[in-house]
Amino acid sequence: MRKGLIFIIAVLAVGLTINLSSVSGVSAAETTIKVGINAPMTGDIPKVGEGSKYAAQMWLEDIKQNGGLEVGGKKYPVELVIEDNESKAESAVKTNTKMITEDEVLVIVGPQSSKQAVPAGDVANNYKTPMISPWSTNPDTTKDRPYVFRGCFLDPFQGPVVANFITDEFGYTKAAVLYDVASDYPKGLAEFFKEAWEKIHGPGSVVAYESFTTKDADFSSQLTNIIRSGAEVIFTPQYYNEVALIVQQAKELGWNKPIVGSDSWGSAETVELCGKACYGLFFSTHYAAAGATGKTKDFIDRYNKEHGYVPDDVAALTWDSLNIVQRAIQDCGTITGDIEKDRKCVRDALAKIDKFEGITGNMTFTEEGDPIKCAVIVKISDKGEYEFYKSVCP
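Residues numbered from 1 in each chain as written. Predicted model: local features only at pLDDT ≥ 70, side-chain atom pairs only at ≥ 80, totals over all residues. Heavy atoms only, no water.

Chemist: Which parts of the structure should I look at to understand the sheet that holds strand S17 (residues 386–392)?
Modeler: In a beta sheet, neighbouring strands pair by backbone hydrogen bonds and run either parallel or antiparallel. What the seven strands build is an open sheet, ordered S9-S8-S10-S11-S12-S16-S17; its pairing is mixed. Each edge of the open sheet carries a strand with a single partner, namely strand S9 (206–212) and S17. The sheet shows a mean angle of 25° between the axes of neighbouring strands, direction not considered. Pairing between strand S16 (residues 375–380) and S17: six bridges, direction antiparallel. In the sheet register, Val378 faces S17, and the bridge partner there is Phe388. Strands in contact with helix H5 (residues 155–170) are strand S10 (233–235), strand S11 (259–261), strand S12 (282–285), S16 and S17; relative to S17, the strand with the most contacts, it is inclined by about 100°. Contacts from helix H7 (residues 220–229) reach strand S8 (175–180), S9 and S10, with the element oriented near 180° to S9. (Pairing = 2+ DSSP bridges. Helix = DSSP H or I, 4+ residues; strand = E, 2+ residues; numbered from the N terminus. Axes fitted to C-alpha atoms, helices over the stretch in contact; angles between N-to-C directions. Contact = heavy atoms within 4.5 Å.)

Chemist: Would you mind going over the state of the cysteines with me for this structure?
Modeler: Note on terminology: a disulfide is the covalent bond linking the sulfur atoms of two cysteines. On inspection of all chains with the given rule, the structure shows three disulfides. Across the disulfide from Cys274 sits Cys278; the S-S distance is 2.1 Å. Judged by the sign of its S-S torsion, about 85°, the bond between Cys274 and Cys278 is right-handed. Look at Cys274 and you get buried, because its relative accessible area is 5%. Note on cysteine connectivity: Cys374 is disulfide-linked to Cys393, with sulfurs 2.0 Å apart. Because the sign of the S-S torsion sets the handedness, a value of about 100° for the bond joining Cys374 and Cys393 places this disulfide among the right-handed ones. Of the two residues, Cys374 sits in the loop between strand S15 (371–372) and S16 while Cys393 sits in the segment after S17, which places them 19 residues apart along the sequence. The partly exposed category is assigned to Cys393, whose relative accessible area is 44%. Each bonded cysteine in the protein gets a number by its place in the sequence, and the pairs come out as 1-2, 3-4, 5-6. Free cysteine Cys152: the closest other cysteine sulfur is in Cys374, separated by 14 Å. (Disulfide = S-S within 2.5 Å. Buried < 20%, exposed > 50% of the residue type's maximum accessible area, 1.4 Å probe, protein only.)

Chemist: Would you mind showing me how to read the sheet that holds strand S14 (residues 361–365) here?
Modeler: With antiparallel pairing, three strands are arranged side by side in an open sheet as S13-S14-S15. Edge positions in the sheet fall to strand S13 (355–358) and S15, since each of these pairs with one other strand and no more. As defined by bridge partners, S13 adjoins S14 across four bridges and the pair is classed as antiparallel. Residue Gly358 lies in a different strand from S14, and its bridge partner there is Gly361. Relative to the sheet, helix H11 (residues 313–332) contacts S13 and S14, its axis offset from that of S13 by approximately 140°.

Chemist: What should I look at first to understand the pattern of salt bridges in this one?
Modeler: Under the criterion given, the structure shown has 14 salt bridges. Its salt-bridge partner being Glu198, residue Lys194 comes within 3.4 Å of it at the nearest N-O pair. With a gap of four residues between them, Lys194 and Glu198 both fall in helix H6 (residues 184–201), about one helical turn apart. Of the charged contacts, one joins Lys297 and Asp301 as a salt bridge, the two residues approaching to 2.7 Å between their closest N and O atoms. Taken together, the positions of Lys297 and Asp301, both in helix H10 (residues 294–307) and four residues apart, correspond to about one turn of that helix. (Salt bridge = Lys/Arg side-chain N within 4 Å of Asp/Glu carboxyl O.)

Chemist: Honestly, the packing of aromatic side chains in this entry has me stumped. Any pointers?
Modeler: A ring pair, where both rings are aromatic, is described by two values, the distance of the centres and the angle of the planes. Per the counting criterion, the structure on display carries 19 aromatic pairs. Measuring from centroid to centroid gives 6.1 Å for Phe165 and Tyr389, while their planes differ by 85°, and the two rings are edge-to-face. Here the residue Phe165 occupies a position in helix H5, and Tyr389 occupies one in strand S17, the gap between them amounting to 224 residues. Residue class for Phe165 comes out buried when judged on its relative accessible area of 3%. Each member of the aromatic cluster is reached from another via a ring pair, and the members are Tyr54, Phe299, Tyr303, Tyr309 and Trp319. Residue placement shows Lys47 over the ring face of Tyr309; its charged tip is 4.2 Å from the ring centre. Between Lys194 and the ring centre of Tyr209, over which it is positioned, the NZ or CZ distance is 5.6 Å. (Phe/Tyr/Trp six-rings, centres within 6.5 Å; stacked < 30°, edge-to-face > 60°. Lys NZ or Arg CZ within 6 Å of the ring centre and 35° of its normal.)

Chemist: I keep staring at H6 and nothing clicks. Help me out?
Modeler: Owing to its 3.6 residues per turn, the α-helix brings residues three or four apart onto one side. Taking 1.5 Å as the rise per residue, H6 with 18 residues should run 26 Å; its terminal C-alpha atoms sit 26 Å apart, in good agreement. Looking at H6, one finds that the buried residues are Tyr185, Pro186, Gly188, Leu189, Ala190, Phe193, Ala196 and Trp197. Where H6 is buried, its residues touch helix H4 (114–126), H5, S8, S9 and S10. (Expected span 1.5 Å × (residues − 1).)

Chemist: For this particular structure, what's the right way to read the nonpolar core?
Modeler: Where a protein is soluble and globular, its nonpolar side chains tend to be buried together. With 47 residues, the main nonpolar core has Ile33, Val35, Trp59, Val78, Phe299, Ile324 and Ile329 as its most contacted residues. Top element by residues in this core is H11. It accounts for nine residues. Setting aside residues no more than four positions away along its own chain, Val35 makes contact with Trp59, Val78, Glu79, Leu80, Val81, Val105, Val107, Val109 and Leu322. Counting 32 residues, the second-largest nonpolar core is a separate cluster that includes Ala163, Leu189, Ala196 and Tyr240. (Core = buried A, V, L, I, M, F, W, Y, C linked by side-chain atoms within 4.5 Å.)

Chemist: In this structure, what is going on with the packing of H11 against helix H12 (residues 339–352)? I would like to understand it.
Modeler: One way to put it is that H11 packs onto H12 with a least axis distance of 8 Å and a crossing angle of 115°. Taken together, the axis directions place H11 and H12 in an arrangement best described as roughly perpendicular. Here H11 runs over H12; the crossing is right-handed. Within the contact between the two elements, H11 uses Ile324, Val325, Ala328, Ile329, Asp331 and Cys332 and H12 uses Cys345, Val346, Ala349 and Leu350. (Parallel < 35°, antiparallel > 145°, perpendicular 65-115°, else oblique. Left-handed = near helix turned anticlockwise from the far one by under 90°.)

Chemist: Sorry if this is basic, but what is going on with the environment of Lys215 here?
Modeler: Turning to its location among the elements, Lys215 is positioned in the loop between S9 and H7. Along the primary structure Lys215 and Asp338 are separated by 123 residues, whereas in three dimensions their C-alpha atoms are 44 Å apart. A distance of 2.8 Å separates polar atoms of two side chains, one belonging to Lys215 and the other to Asp44. (Polar contact = N/O pair within 3.5 Å; in protein donor to acceptor, adjacent residues only side chain to side chain.)

Written out as structure tokens, the structure is:
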């Protein structure tokens, strides 16, 4: 009777162990690899979240068609945990915390914009969970954070790219800047542009440095100051929802000179909202859809067929980031089921990726987790298409 009781207890203990182990996001029992997507599905820039989600779902389709993600000769099912950060920093932090502690994701892709990626990256690093931001160009995203990576170039590179392009293309010497002082990305990039411009043209050559606050919709006061300053060009590193308002209001006030943007202009919504007012304008970005070839064109055509519009740079960067993550997971050689150990393995594998050929260009990664890659200057054509104009490499 006593032996029988011991046997029953032993069986129950084994069953409990199996059930507990199956709770893990990448457990030996379930063997499911969970990838978190921290994206702005609502809020100020929902199109950014939509592109990220669609690219992630396309990536997952390919994984499923191959019967799972092969790691060390074994195929594992993959699950996406897509969470909305509402385009808010605090929500991005909560989202990362939830995905790490409750969902037990192996790795996180996102957030996209720097305003969310910088604070969310702090959470990922503290919990020792690898995170790669497809679109955050602010240096603070990865600075002193060994678990945080990115799939895009940095603003210390992008700022001089734009300053040099305007100088070489137009020969101007007086520039104005209009930016959101309450958002990490435009604030940081505005500063890097100003520094680069004044290094070329001397102190005071940025003749107007105007700011506003997130959700402002009337820029007439700032634009009036810019027009009175004698500026020959405006640089505005803003998102698609603000670009249209800025460009249209500038033209209404009589501005007939160039307005140049940054990679935040890359959304398809920029032209849809701005219309012909944006035709002929330039911006720096990560890839150009019009005239793309090879696997970049394959991605664009497939995305367009499935979703009805040409993917923006965020979608393309999300695709690259997920494929970088996939390579890192496969480079681990095994999935142990110990979530902390597997996260550490993926982090180390990400740090060792030397060269990667993505649809947004070839990348070589630094020790800080930042890719060295080229920027693209895009011109908005008279058909509203984003045409490749020139490439600028480090």
